[in-house]
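Examining the three-dimensional arrangement
This is what each chain is made of:
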Amino acid sequence: MGVSTSVPEAGVAVVTVDFPPVNALPVQGWYDVAGAVRRAGADPAVRCVVLTAAGRGFNAGVDIKEIRRTAGHEALIGANRGCYEAFAAVYECEVPVVAAVHGFCLGGGIGLVGNADAVVASDDATFGLPELDRGALGAATHLARLVPQHLMRALYYTSRTATAAELHAHGSVWRVVPRTELEGAALELAREIAAKDGTLIRLAKAAINGIDPVDVRRSYRFEQGFTFEANLSGVADRVRGTLVPGTDSADAVTTDKEQQA
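The following paragraphs examine the structure supplied in this document.

Rules used throughout
- Once a new chain begins, its residue numbering starts again from 1 and follows that chain's sequence as written.
- Where local features are concerned, this predicted model is filtered to residues with pLDDT of at least 70; where side-chain atom pairs are given and counted, the filter is 80 or more; whole-chain, interface and lining totals use all residues.
- Side-chain figures throughout are based on the complete set of non-hydrogen atoms in the structure, without hydrogens or water.
- Each pair of aromatic rings taken from Phe, Tyr and Trp, with Trp reduced to its six-membered ring, is defined by centres within 6.5 Å and is described as stacked if the planes are under 30 degrees apart, edge-to-face if over 60, and tilted in the remaining cases.
- Secondary structure elements follow DSSP: runs of H or I of four or more residues count as helices, runs of E of two or more count as strands, with numbering from the N terminus.
- Partly exposed residues are those whose accessible area sits between 20% and 50% of the maximum for their type, while under 20% is buried and over 50% is exposed, using a 1.4 Å probe and protein chains only.
- A ring is scored as having a charge over it whenever the NZ atom of a lysine or the CZ atom of an arginine sits within 6 Å of its centre and within 35 degrees of its normal.
- Two strands qualify as a pair provided that DSSP identifies no fewer than 2 bridges between them.
- Think of each axis as a best-fit line through the C-alpha atoms, taken over the contacting stretch in the case of a helix, with angles from 0 to 180 degrees between the N-to-C directions.

Notes on the packing of aromatic side chains
Enumeration according to the criterion identifies 5 aromatic pairs in this entry. With a centroid separation of 6.0 Å and 90° between ring planes, the pair formed by W30 and F87 is classed as edge-to-face. Within this pair, whereas W30 is found in helix α1 (residues 27-42), its partner F87 is found in helix α3 (residues 74-92), the two being separated by 57 residues in sequence. Residue classification places W30 among the buried residues on the basis of a relative accessible area of 0%. Plain terms: the ring middles of Y84 and Y220 are 6.4 Å apart, the flat faces sit at 15° to each other, and that makes the pair stacked. You can see Y84 sitting in helix α3 and its partner Y220 sitting in helix α10 (residues 216-232), a full 136 residues away along the chain. A relative accessible area of 24% means that Y84 is categorised as partly exposed. Here Y220 falls in the buried class, since its relative accessible area comes to 7%. Among the aromatic residues, those joined into a ring-pair cluster are W30, Y84, F87 and Y220. In this arrangement the basic side chain of R221 is found over the ring face of Y84, its NZ or CZ atom lying 5.6 Å from the centre.

What follows is the structure, given as structure tokens:
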């Protein structure tokens, strides 16, 4: 359990996230993801990073149970800072990051994938932000990098999900493949990228980030301010109070699958 890094072939590092049962990450988990991605990108032998996950799905967001059982706002602040660091690490990684997504990609998972350079997904992958159903806000910045503006807003307001096929149609997913072929497809793209000159690929990453029309770090930080407001005003607790006692991010996974039925 945790975050691990492997080098399956020359020039490619694979960062794997594994927090059973649904990859809802605790505060330290987000920092671990950030550290692993930054270390991989800083390795001069690495020219592409693949970010993937073990288990039922790619990511179910923040571990809400950790926030609930921690007095005050310490865990909430930690989760916000941890997510900010993890999302920034993917965006700022010195080399391109390919996200390999299977199953559910929710909440913080959208932050990771939205900041990646390319996305490969299995045909069972779904993407969404159930934040409003969880008394939270955030990651609209990153969802807007995956779908057009009006679709982003509709998905955000309804907490619905989009399929990998739909994102492929919008051009944000490179390939959609059967689950059994996901690792191979992600490595195939990473291998092609890693075949480039290491210095040049780093310059290319810096150049492309430099011409981005939206500063994803600043815009996400702006969103986080409203997350704090929702919590300090009691709105977040009121919304969470309508949930069945003991529910957490795993239930968001169930809800999103039901929406696809």
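That covers the picture; the talk isn't over yet.
Points about the pairing of strand β4 (residues 48-53)
By the criterion of burial, β4 is predominantly enclosed, with 6 of the 6 residues buried. Covered by surrounding structure in β4 are C48, V50 and T52 together with V49, L51 and A53, the residues of both alternating faces. Relative to β4, strand β2 (residues 12-18) is paired through 6 bridges, and the arrangement is parallel. Following the sheet pairing, V12 is matched in β4 by C48. Here β4 runs beside strand β6 (residues 97-101); their pairing, made up of 3 bridges, is parallel. What sits directly across from V49, in β6, is V97.

A few points about the sheet that holds strand β7 (residues 104-106)
What the 3 strands build is an open sheet, ordered β7-β9-β10; its pairing is mixed. Every other strand in the sheet has two partners, leaving β7 and β10 (161-163) as the edge strands with one partner each. Neighbour-to-neighbour, the strand axes of the sheet open up by a mean angle of 20°, direction not taken into account. In the sheet, strand β9 (residues 126-128) pairs with β10 via 3 bridges, with the strands oriented antiparallel. Its bridge partner lying in β10, G128 is registered against T161.

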